[in-house]
Amino acid sequence: MRIMMIQPNYHSGGAEIAGNWPPSWVPYVGGALKQAGFTDIRFVDAMTDYIPDDVLAEIIAKYQPDVVLATAITPMIYQSQITLKIVKEVCPNAKTIMGGVHPTYMYTEVLGEAPWVDYIIRGEGEEITVNLLRAIANGTDVSDRRNILGIAFLEDGQVVATPAHPPIADLDTLTPDWDLLDWEKYIYTPLNVRVAVPNYARGCPFTCRFCSQWKFWRKYRSGSPKRFVDEIEILVKKHKVGFFILADEEPTINKPKFIALCNELIERNLGVYWGINTRVTDILRDENELPLYRKAGLVHVSLGTEAAAQLKLNLFRKETTIEQNKRAIQLLKQNGMVAEAQFIMGLENETPDTIEQTYHMALDWKPDMVNWNMFTPWPFSELFQELGDRVEVRDYSQYNFVTPIMKPNAMEREEVLKGVLRNYARFYMRKTLEYWFVKDPFKRKYLLGCLKAFAQTTLNKRFYNLKRVKYKGLHTEIELGFDESKILTPEQIAERKQQHPELKADVDFTGNISACGAPNDIEVSACGAPNDLPEYQGEEQDVPSMKI
Ligand code: B12
Ligand code: SF4
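All values reported here derive from a predicted model rather than from experimental measurement.

### What about the site of ligand 2?
Next, step 1: If you check the shell around ligand 2, you find Cys204, Phe206, Thr207, Cys208, Cys211, Gln213, Trp214, Glu249, Glu250, Arg279 and Gly304 and nothing else.
Next, step 2: Across the shell around ligand 2, the residue classes tally to five nonpolar, three polar and three charged.

Below is the structure:
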């Protein structure tokens, strides 16, 4: 069976400006397929290679795949739908499969808009995809699909979603196939080395209301440090990777294990540098271990310092304080790491003053880098349940952290964007000088490399999608470019909610049939498959249990 995996050609000009990034779902899902005996797999990275649709059509037609897999985060969803439409046009018999965070929750909407998608994989992809492809290979997928956990599809015009597949019990059973990626093209600009995005832990034991990742993985798990470092060794020795970013939401929560991971890296002395996203509280907790982390090659820590005001922190249920943020940044810097702070902008209470405050807070905290991300109301986040009635912009292609989706009460969206761009300009103008005087030569080189990435992508207007900003003398005009047909009036929002309740996100993974086709209102389905979700609790001993 010929399998093609496609990363859709979507760009937004945020985090991707630091280089060309390999999509990790490909080695992880592709590796599981290979392990199960599906060896004829080809990957097309239409994103990194900026492959236009007509060229993609030619590539697909030439390969004649039997099955095509495409991913979709929220802003990529339309391009992912288009990608699979092209597949059906050029290879009508090929089965089209979509996975990733957006279709996992929004399968009803996706299948309604893109009925050419044969299957949606809901949640963690490895085991479900193998089960589905086995059925496709045997020719039994249509007859047996109601028994395959974790998928959604259209049947006689109706959306059918099976209950969730259990989370993968042991992450050490994952078999990522790094050979599927063409490593020459994945370069991290700051260090000019090959970059990888391996996955050590999945899930998050916290419950920030604007985020949906903690729900996506459903249970916090991490692999064994030794097994994980085996993968890093392959990446470094075989594929010449010089830098990696952990794909994890929360890699540090299990401190003894994280220390073991660092010790393993130190022992193997692979000469690789790496970065993580983590929580401020973990950095404060690990103050004494930070030298060890740095010795293990951890050079870049991005902190979820999301909101600049305590009010916002409380709204986000982030459970941290402004003082803690400042202290964590200091600690990282004292230990020779690059400290990156994140702000979330554009909430309903944003004003020109609060935007200005974030700039001054950035100066006060003195992080090496700052990102001002636009608040993005994922339609499957808890916060959306409150805000949904006021989210008129439903053009998901702009749900990308660089576009103000919400209109604050006291400002226009364009003003928010201008304010944020002004903060970036002022902050990095200062840093341009400062970076040259950083004492640690490695950190200096790294930061100047970051500056290069900023400069390059500002010039070619990829950074923050600057194409939208037109300077006319002293006047700046911004064209946000929303698809007008996807901007709803309050009446349309109310009508949609009432007449199409099924379009709501299915965040509980319950699906709408039981595994064997029995009705969903009995506790355990006839074949014994549970209808409810597995317990939401930390698997590992020192992980706090979920607060929902
Ligand atoms: C690495 C990363 C990136 C890299 C992307 C590398 C790449 N080429 O894909 C970079 C830095 C470029 C990036 C950019 C952006 N990112 Co990003 N990124 C991540 C991060 C940190 C890890 C993703 C990852 O690799 N996970 C590990 C893999 C194994 O998991 P996975 O991709 O989810 O895949 C699993 C399942 O989803 C499923 N699956 C996924 N796809 C498919 C497809 C099929 C067919 C199947 C069967 C299964 C399947 O199976 C996989 C294995 O279980 C996540 C946050 C996180 N911790 O997950 C954010 C995240 C994915 N990013 C996000 C966003 C919004 C963006 C940007 C829009 C932000 C911006 N403006 O910069 C851009 C978009 C870039 C683009 N052009 O599309 C959001 C998406 C949220 C959402 N609701 O959609 C996330 C979740 C972060 C967040 N805070 O919410 N990102
Ligand atoms: S700490 Fe909060 S924002 Fe980060 S992954 Fe966990 S729930 Fe999401």
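### Focus: the sheet that holds strand E6 (residues 151–155)
Next, step 1: Strand order in the open sheet formed by seven strands is E2-E1-E3-E4-E5-E6-E7, with mixed pairing between adjacent strands. Edge strands, defined here as strands with exactly one partner in the open sheet, are strand E2 (41–45) and strand E7 (158–161). Direction aside, the axes of adjacent strands within the sheet are offset by 20 degrees on average.
Next, step 2: Where strand E1 (residues 3–7) and E2 come together, five bridges link them in parallel fashion. Within E2, the position partnered with Ile6 by the bridge is Val44.
Next, step 3: Where helix H5 (residues 126–138) meets the sheet, its contacts fall on strand E3 (67–71), strand E4 (95–99), strand E5 (119–121) and E6, and the angle it forms with E5 comes to roughly 155 degrees.

### Things to note about the pairing of E6
Next, step 1: Both E5 and E6 contribute to a ladder of two bridges, which runs antiparallel. Across the sheet, Ile121 pairs through a bridge with Ile151, a residue of E6.
Next, step 2: Across four bridges, the pairing between E6 and E7 is antiparallel. Bridged to Glu155 within E7 is Gln158.
Next, step 3: What sits between E6 and E7 in their antiparallel hairpin is a turn of two residues, with Asp156 showing a positive phi close to 50 degrees.

### As for unusual backbone geometry
Next, step 1: Of note, the phi angle at Gln64 is positive, near 50 degrees, even though the residue is not glycine.
Next, step 2: Take Gln64: it is sitting in the loop between helix H2 (53–63) and E3.
Next, step 3: Look at Gln64 and you get exposed, because 12 C-beta atoms sit within 10 Å.
Next, step 4: You will see that Arg218, though not glycine, has its phi angle at about 70 degrees, which is positive.
Next, step 5: C-beta crowding within 10 Å serves as the criterion here: with 22 such atoms nearby, Arg218 is assigned to the buried category.

### Regarding the UniProt feature "domain: B12-binding" (unreviewed entry) in the protein
Next, step 1: Here, UniProt's "domain: B12-binding" (unreviewed entry) annotation points to residues 9–143.
Next, step 2: Across residues 9–143, helical content stands at 48% and strand content at 13%; the span's end C-alpha atoms are separated by 34 Å.

### A word on the sheet that holds strand E9 (residues 193–196)
Sheet strands pair by backbone hydrogen bonding; their relative direction is either parallel or antiparallel.
Next, step 1: Strand order across the open sheet formed by seven strands is E8-E9-E12-E13-E14-E15-E16, with mixed pairing between neighbours. The open sheet has two free edges, formed respectively by strand E8 (187–188) and strand E16 (369–374), since each of these has just one partner strand.
Next, step 2: Strand direction decides the pairing type here: strand E12 (residues 241–245) and strand E13 (residues 273–278), joined by three bridges, are parallel. For Phe244, the partnering residue across the bridge sits in E13 and is Trp274.
Next, step 3: With respect to the sheet, helix H14 (residues 352–365) is in contact with strand E15 (338–345) and E16, its orientation differing from that of E15 by roughly 165 degrees.

### Digging into helix H13 (residues 322–334)
Next, step 1: With 13 residues, H13 extends 19 Å between its outermost C-alpha atoms, agreeing within 8% with the 18 Å of an ideal straight helix rising 1.5 Å per residue.
Next, step 2: All of the buried residues in H13 are Asn325, Ala328, Ile329 and Leu332. All buried residues of H13 project into a common sector of 100 degrees when viewed along the axis, lining one side. Among the exposed residues of H13, those oriented more than 90 degrees off its buried face are Glu323 and Gln334.
Next, step 3: Gly336, located one to two residues past H13, shows a positive phi value of around 80 degrees.

What counts and what doesn't
- Residues numbered from 1 in each chain as written.
- Chains lettered and ligands numbered in written order.
- Predicted model: local features only at pLDDT ≥ 70, side-chain atom pairs only at ≥ 80, totals over all residues.
- Near = placed C-beta within 6 Å.
- Nonpolar A, V, L, I, M, F, W, Y, C, P; charged D, E, K, R; others polar.
- Pairing = 2+ DSSP bridges.
- Helix = DSSP H or I, 4+ residues; strand = E, 2+ residues; numbered from the N terminus.
- Axes fitted to C-alpha atoms, helices over the stretch in contact; angles between N-to-C directions.
- Contact = placed C-beta atoms within 7 Å.
- Buried ≥ 20, exposed ≤ 12 C-beta atoms within 10 Å, placed from the backbone.
- UniProt positions renumbered as here; feature names shortened; annotations may be inferred.
- Expected span 1.5 Å × (residues − 1).
- Arc of directions from axis to C-beta.

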